[in-house]
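Spelled out from the first residue to the last, the chains are:
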Amino acid sequence: MQTKVLSLKALQEKLQPLREKGHRIVFTNGCFDILHVGHVRYLTAARQEGDLLILGLNSDRSVATIKGPQRPIVPEDQRAEVLAGLWCIDFITLFDEPDPFNLIRALRPDVLVKGDDWPEDQIIGADIVKAGGGKVVRVPLAQGS
């Protein structure tokens, strides 16, 4: 499962031949600090938008910046390992910034997925994906999650 967790550079190298074969690359991101059924449903829906799903996972430093010094509850290596166990995730890469803008710019996914609690005009990286001919998909949030 750890083979799913790659550095940005290693991930870019992995994606190049897949792009050449015409694979549709989907990207989403998040902290996933305490994984719950809503997360799994969301990630499964994201995966259905293409041929493979890349998850940008906020590092511990990133989570603390966003959610405060008491977070994350689960360390990044454990969060990555749990997420790597999900069938719907093909690759995971961690990022230290508060948002995935640089990661999206580097990866150039065909589809960018976020929850429908995000208005499209506030989805970071949407402009990059659209400019590259891709699309943004807003997945409805699961009830009770």
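Here, the structure is the one placed above.
Bear in mind the structure is a predicted one, so any value in this text is a computation, not a measurement.

Draft legend 1. Structural detail: the sheet that holds strand S4 (residues 111-115). Read from one edge to the other, the open sheet built from five strands follows the order S3-S2-S1-S4-S5, with strand pairing classed as parallel. Looking at strand neighbours, the two that pair on one side only are strand S3 (91-95) and strand S5 (135-139), the edges of this open sheet. Averaged over all pairs of adjacent strands, the angle between their axes in this sheet comes to 25°, without regard to strand direction. Examined bridge by bridge, S4 and S5 share five bridges and lie parallel to one another. Paired with Val 113 across the bridge in S5 is Val 137. Running at roughly 135° to strand S2 (residues 52-58), helix H2 (residues 37-47) makes contact with strand S1 (25-30), S2, S4 and S5 of the sheet.

Draft legend 2. Helix H1 (residues 8-20), seen in detail. Under the 1.5 Å per step criterion, the end-to-end length of H1 is 18 Å for 13 residues, consistent within 8% with the ideal 18 Å. Immediately beyond the C-terminal end of H1, within one or two residues, lies Gly 22, with a positive phi of roughly 90°.

Draft legend 3. Spotlight on unusual backbone geometry. For the bond from Arg 71 to Pro 72, the omega torsion is 5°, close enough to zero to count as cis. Summarising the element assignment, Pro 72 is placed in the loop between helix H3 (60-67) and helix H4 (76-84). One non-glycine residue with positive phi stands out, namely Phe 32, at about 45°. The residue Phe 32 is located in the loop between S1 and H2 in this model.

Draft legend 4. Region of the structure containing the pattern of salt bridges. Following the criterion strictly, the structure yields six salt bridges and no others. A salt bridge links Asp 90 to Arg 47, with the shortest nitrogen-to-oxygen separation between them at 3.0 Å. With Asp 90 in the loop between H4 and S3 and Arg 47 in helix H2, this residue pair connects regions lying 43 residues apart in the sequence. On the basis of relative accessible area, Asp 90 is assigned to the partly exposed category, the value being 21%. By relative accessible area, which is 18% here, Arg 47 ends up buried. Between Glu 49 and Lys 135 there is a salt bridge whose closest N-O contact spans 3.6 Å. Taken as a pair, Glu 49 in the loop between H2 and S2 and Lys 135 in strand S5 lie far apart in primary sequence, 86 residues in all. Residue classification places Lys 135 among the partly exposed positions, given a relative accessible area of 36%.

Draft legend 5. Fine view of the environment of Pro 119. Of note, Pro 119 is situated in the loop between S4 and helix H6 (126-131). In sequence terms Pro 119 and Arg 138 are 19 residues apart; their C-alpha atoms lie 8.4 Å from each other.

Draft legend 6. Molecular detail of the nonpolar core. With 19 residues, the main nonpolar core has Phe 32, Leu 43, Leu 55, Leu 83, Ile 89, Ile 92 and Val 113 as its most contacted residues. The set of elements that each furnish at least two residues to this core consists of H2, S2, H4, S4 and S5. Here Leu 83 is in contact with Phe 32, Leu 35, Leu 43, Leu 55, Leu 57, Ile 89 and Ile 92, once residues within four sequence places are set aside. If you look at the next biggest cluster of nonpolar residues, it comprises 17 residues, including Ile 54, Leu 107, Ala 126 and Val 129.

Rules and cut-offs
- Residues numbered from 1 in each chain as written.
- Predicted model: local features only at pLDDT ≥ 70, side-chain atom pairs only at ≥ 80, totals over all residues.
- Heavy atoms only, no water.
- Pairing = 2+ DSSP bridges.
- Helix = DSSP H or I, 4+ residues; strand = E, 2+ residues; numbered from the N terminus.
- Axes fitted to C-alpha atoms, helices over the stretch in contact; angles between N-to-C directions.
- Contact = heavy atoms within 4.5 Å.
- Expected span 1.5 Å × (residues − 1).
- Salt bridge = Lys/Arg side-chain N within 4 Å of Asp/Glu carboxyl O.
- Buried < 20%, exposed > 50% of the residue type's maximum accessible area, 1.4 Å probe, protein only.
- Core = buried A, V, L, I, M, F, W, Y, C linked by side-chain atoms within 4.5 Å.

From the geometry alone we can't say anything about function, so treat these as descriptive.
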